[in-house]
Each structure stands twice: as structure tokens, then as C-alpha cells.
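In case you want the letters, here they are:
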Amino acid sequence: MLRDITLGQYYPVDSPVHRLDPRAKILLAFLYIIGVFLVKDLFMYLPVLLYLAMATWLARLPFPMMAKSLKPMRILIVFTFILNLFFGTGSRELLRLGSIVIWEEGLLNALHFTFRLILLVTGSSILTLTTPPVTLTDGLERLASPLRVIRFPAHEMAMMMTIALRFIPTLTEEADKIMKAQTARGADFETGNLMARARAMIPLLVPLFISAFRRAGDLAMAMEARCYRGGEGRTRLHVLKFSRRDLIAFLSMAGLFIILLLPGILK
Amino acid sequence: MPIVLEKLSHVYKSGPHTSHALRDVDLTINDGELLALIGHTGSGKSTLAQHLNGLLQPTSGHVLLDGQDINGKDSSRRALRFRVGLVFQYPEHQLFEETVYKDIAFGPKNMGLKEEEIDARVREAMAIVGLDFSEISKRSPFELSGGQMRRAALAGVLAMKPQVLVLDEPTAGLDPRARDFLLEDVRRLNRAGTTVVLISHAMDDVAKLATRVAVLEKGALVMDGSPLEVFSRHERLGAMGLDVPQGFRLARLLREKGFPVSDRCLLEDLAGELADLIKGGSGHAA
């Protein structure tokens, strides 16, 4: 009826970041993670944050949405902060409340962990927000293909991931439809204790599994009918190509690394 | 129990996209009516259907049942769902129980009825849709033929004895025989007093059954009237990508060829008129 399928969390707009080669984006995300861990001084999170903000702006992603990607992590972030704050030990005492002592090292640690978590989550979500999952697996396949020498089934893994991802929206839609149909028959998915709720899932799960198996059978047949026989000798419609844009992205990342490493070198 | 839709609008949101599925729809569904809802794919028919029993909540506007807002604070949506039965597209995809009996009993059981009452309702519902109780009730729903599965799923909704029955393309994918069976069931239910809302692309089905036709285009209600009134605006319907019944088309073609037949929706009616014409005025053609 309408294209309201959210594939993963892909945010479909056109931007320079969206158009980067997926392999480049995966490698950049990897480098970015290393970069975050290179920070030793709290102030050095500032350039990382600026880099992130720039990437978000270039990718035309709304900033509130980036903040929203942190929502599932908020409990973890608060916990790591509190645990590091209260359970660290060190040499310089900051505050004493009865038997609880807060050390300067504990506070620093807590801040480091919090910043790292926030920057890692938002940073890696740029990758998934700007890359459609199928393109992402394509990139992964190409990056992993050298591993074929050690018999790593790169193509098969990527095909499995692609199919799984392809069916997430289909099955979500199907689940939604079945849930509505059963709700119309008076099924109740929302109230009751754990056992009652688990039992209430049966009218949803049985039809969902049946339809998943039917679709899997149909898909296998359709793939065979088009002579699919694994990755051997298969050519591609969209051949990935590194472009100038990717080079610029890598140069910007190199710039970030220089800024992050400079204090250590100058010392 | 009339259903009144007042300025009903619904907006689907996803990421950067919003789409208006319904725009300010005003529609009253009267008791005992058989209302056909037609429109191009994506015109908002299914969205509208899901508002009738509170599965979707309007972005703005109201759905009134017996004068009461079904999304109001003090109305129980669950109780309401027992009064408005909704049969989705391909309802056989919702079958899940071990036996046909248990599957049909699912709705009545959720209503909290007693065992004897459930049993009586399952038997009654199976009789309405023409499934033999002794032969089929103990079988797995997944062993049935496509048409039988569809009818079992329909029975699952009928067993709840809804006052209003909403059917979303009930004949899609059925062979002609199974389709005729199902339409006959619907007609019988309507004659017995159930209000029916029928969503369909098959204009011949609409012509056969409907007492009133409403047309949706891009979420807005653009026509509402008797089948003859609506289908006589066939040019406008054609522009929306909608068909007219065969009887209607044939009547137009015959008139172009000089036969003074009137507009008819049903081939049967047209054939009768044509036969009278030929018998009565044998000199006319010459």
C-alpha cells in the first residue's frame, strides 16, 4: 500500500555520505572506532564529536534522530557511569559521603566510558542509517572475499544475510497483519502475566512460521528457476567502485587521526 | 447500530515520509445495509476498514458507533471488536489451531462464553459457511482446500455473531465456484440482518450484492450512492482505474447499436429485458 517499510534503520535521503562506497563506509566506521579508543585526554573527544557532527550534517540526518539512536543504550550508559564513579579506586579523593568515596580517577574513568559509549553508538549508527542493508552486505562480502583462500564462505554468508534482511520487513508486515486479524477475533497480546502472554503469542507465531516456510520455498524455487547456483562465476549488476568521494572521506579520517595522535607525538 | 465516520483522517508516518491514507471521510453505514467500498489499490479502503473496529485510531476525526466515539476514554475497544467483525484479505493465513473446531472457537472463547454456547456457535457458523461439522470440525485447518480454508476463517469471525461484518476482498484468489459459495453466504447473512461492508475489486460481485456503493480515491470519499448511480458515472470511474460490471458495459454497447435497453448492473436483468424486446417487437430490428 505504501512504502513504509523501514529496512533496518536506513534513512532514505540522498547525500554525499549515502553515496560513499559501502566498503569505504565499513572501513571508515572501523577506523572511527579505533579513533575513539585512542583518546586519552577528555578534551580530545571534542574533535571526535565535531567529526561526528560534520558527518551527520553531510549525511542530512536529523540530529534528534541521532540522539534517538542512543535511547536503547541509555540504561547501559547510566549504569557504566555510576559503577565507574563509585567503584573505582585511586589516589586523589574528591568527595567523601560516609563510607562512599569518589576518587578523581573514578570520575575520569566514568566520563571516559560514557563518552566512548555515546560516540561509538552514534558513530556506528551513521553507517546503518546511510547504507541500505543489502548494500551493506554487498560491501561486507567484497571485504571478506579475500578470506575465501581459507575457505571462508563469504558469498554464502552475504547471501544469507541479504535474504534475512530482505525478509525482515516482509515478515514484520505479515506479523502486523496477523496480529490485527487475531486482535479482531478478540485476542489479547497486551495484558496478563508472562505465561498468559507467551500463550497469547501462539495465534501469531503459528501462522507467521507457516508463511515464512511457504515464502522460503517459493524463494528457493524462484532462485533455482533463474539458475542460481552459488557465487561461483556470478557477475554483478552494480559493481562497487571507489571514487574521489571515498578518497576525500579517507583523508578526512586521516586528519582526525593526526589531531588525535598529535599530543602524544609532541610530548 | 449505525456506524458514523466524521471527518475521518489517517496519516501513516515512516522516517521522512508521511502519507495521507484517509482525508476527511464522512460516511454513515446504516443498519442492514450491504455497502460496497470500492477504489483503486492504495485508495485507503483497508485503512478505513481497520478504523471500523478500532484496530487503527484516526489521526483526526471520529468513528461513532451508536452515537458513541469508539476511541473515547470510556469505551472498551475489546467489547466493540465483538460487535464489528473484520475479515481480512486472505483470512486463511490467520488459521493456527490444531483443528478447525478449535480455530473457529477462538473468537467466542476470547469473548468469555460458556462451553455449550461456544459449541452451539461453532456449529452454527460452520453451517452458515457450508462446512460439514461431522466431517471437517476435527480435521486440521491446514489439510483443507483453499476455498474451505477461507470459509473456515470466515466462520471464525461469524462465530462471534458480529452485528456488522466487514469483508476485505473476500473472494480474492478463489476459483469461481468457491467465490459463488462465499458471496451467497454473505448475501444470506445480510438478509438475516447483519450489516455488511464489502471491499472489492470485482465489480460484478458488487453489482450482485451491494445496496449502496461508496468510492474512495486517494483517501477521499468521491462517490456514494446506489450501484446504478455510481456505475452510471463510468467515465469518472474509468479515470480512477476502476471497472464497471459486465451487465452495465453490455447495456451501453447495446444502446450504441440501437437497442433501447436501460442501464442494468446485472447480466441476468439485461438478458430478461433484451429477451422481452426481441420477442415483443420482432419487427423492430428490421
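Residues numbered from 1 in each chain as written. Chains lettered and ligands numbered in written order. Predicted model: local features only at pLDDT ≥ 70, side-chain atom pairs only at ≥ 80, totals over all residues. Heavy atoms only, no water.

A. Fine view of the overall build of chain A. The number of helices and strands found in chain A is 10 helices and 2 strands. In chain A, the order of α-helices and β-strands from amino to carboxyl end is α-α-α-α-β-β-α-α-α-α-α-α. Scaling as 2.2 N^0.38, a compact globule of 267 residues should have a C-alpha radius of gyration of about 18 Å, whereas chain A reaches 24 Å, well beyond that. Expressed along its principal axes, the backbone C-alpha trace of chain A runs to roughly 70 × 55 × 40 Å. Within chain A, the fraction of its 267 residues that count as buried is 36%. Contacts in chain A between residues at least 24 apart in sequence constitute 74% of all its contacts with a sequence separation of at least 6. Summed over its atoms, the accessible surface of chain A is roughly 17100 Å², and 70% of this surface lies on carbon and sulfur atoms. Between the centroid of the 31 positive side chains of chain A and the centroid of its 19 negative side chains there is a distance of 3 Å. (Helix = DSSP H or I, 4+ residues; strand = E, 2+ residues; numbered from the N terminus. Rg over C-alpha atoms; globule rule 2.2 N^0.38 Å. Buried < 20%, exposed > 50% of the residue type's maximum accessible area, 1.4 Å probe, protein only. Contact = heavy atoms within 4.5 Å. Areas by Shrake-Rupley, 256 points an atom, 1.4 Å probe, with all protein chains shown as cover. Lys, Arg positive; Asp, Glu negative; His and termini not counted. Charge placed at Lys NZ, Arg CZ, Asp CG, Glu CD.)

B. Representation of the packing of helix 11 (residues 246–256) of chain B against helix 12 (residues 267–280) of chain B. Residues and elements named next belong to chain B. Where helix 11 contacts helix 12, the two axes come as close as 8 Å, and the packing angle between them is 30°. Considering their axes alone, helix 11 and helix 12 lie roughly parallel with respect to each other. Of helix 12, the residues touching helix 11 (which contributes Gln246, Gly247, Leu250, Ala251 and Leu254) are Leu267, Leu270 and Leu274. Of the residues assigned to the contact of helix 11 with helix 12, the class counts are 6 nonpolar, 2 polar and no charged. (Axes fitted to C-alpha atoms, helices over the stretch in contact; angles between N-to-C directions. Parallel < 35°, antiparallel > 145°, perpendicular 65-115°, else oblique. Nonpolar A, V, L, I, M, F, W, Y, C, P; charged D, E, K, R; others polar.)

C. Structural view of the domain arrangement of chain A. Here chain A is partitioned into domain 1 (1–131 + 238–267) and domain 2 (155–234). Taking only C-alpha atoms, the centre of domain 1 of chain A and the centre of domain 2 of chain A are 34 Å apart. (Domains from an automatic or database assignment.)

D. Geometry of the packing of aromatic side chains. Residue and element names in this part refer to chain A. What the rule picks out here adds up to 5 aromatic pairs over all chains. Ring geometry for Tyr45 versus Phe115: centroids 5.2 Å apart, planes at 40°, classification tilted. In this pair, Tyr45 is assigned in helix 2 (residues 45–58) and Phe115 in helix 5 (residues 104–130), connecting sequence segments 70 residues apart. For Tyr45, a relative accessible area of 4% puts it in the buried group. You can call Phe115 partly exposed: its relative accessible area is 36%. Summarising the aromatic geometry, the rings of Phe209 and Phe213 are spaced 6.4 Å apart at their centres and angled 35° between planes, so their arrangement reads as tilted. Taken together, the residues Phe209 and Phe213, both in helix 9 (residues 202–225) and 4 residues apart, mark about one turn of the helix. The residues Phe209 and Phe213 share a single accessibility class, namely exposed. Residue placement shows Arg23 over the ring face of Phe242; its charged tip is 4.5 Å from the ring centre. (Phe/Tyr/Trp six-rings, centres within 6.5 Å; stacked < 30°, edge-to-face > 60°. Lys NZ or Arg CZ within 6 Å of the ring centre and 35° of its normal.)

E. Fine view of helix 1 (residues 22–38) of chain A. Residues and elements named next belong to chain A. Taking 1.5 Å of rise per residue, 17 residues should cover 24 Å, and helix 1 covers 24 Å from first to last C-alpha, within 8% of that figure. As for helix 1, its buried residues are in contact with helix 2, helix 5, helix 6 (133–144) and helix 10 (244–266). The opening residue of helix 1 is Asp21, an N-cap whose side-chain oxygen sits 2.7 Å from the backbone nitrogen of Arg23. (Expected span 1.5 Å × (residues − 1). Polar contact = N/O pair within 3.5 Å; in protein donor to acceptor, adjacent residues only side chain to side chain.)

F. Local environment of the pairing of strand 7 (residues 164–168) of chain B. All names here are of chain B. Counting buried positions over the 5 residues of strand 7 gives 5, a clear majority of the element. Neither face of strand 7 is left uncovered, since the one carrying Val164, Val166 and Asp168 and the one carrying Leu165 and Leu167 both have all their residues buried. Taken together, the 4 bridges between strand 6 (residues 84–87) and strand 7 define a ladder with parallel strand orientation. Pairing of Val84 across the sheet is with Val164, part of strand 7. Pairing analysis gives 5 bridges linking strand 7 to strand 8 (residues 195–199), with the strands arranged parallel. Considered in strand 8, the bridge of Leu167 is made with Leu198. Taken together, strand 7, helix 7 (residues 176–191) and strand 8 form a β-α-β motif whose crossover is right-handed. (Pairing = 2+ DSSP bridges. Right-handed = clockwise from strand over helix to strand, strands pointing away.)

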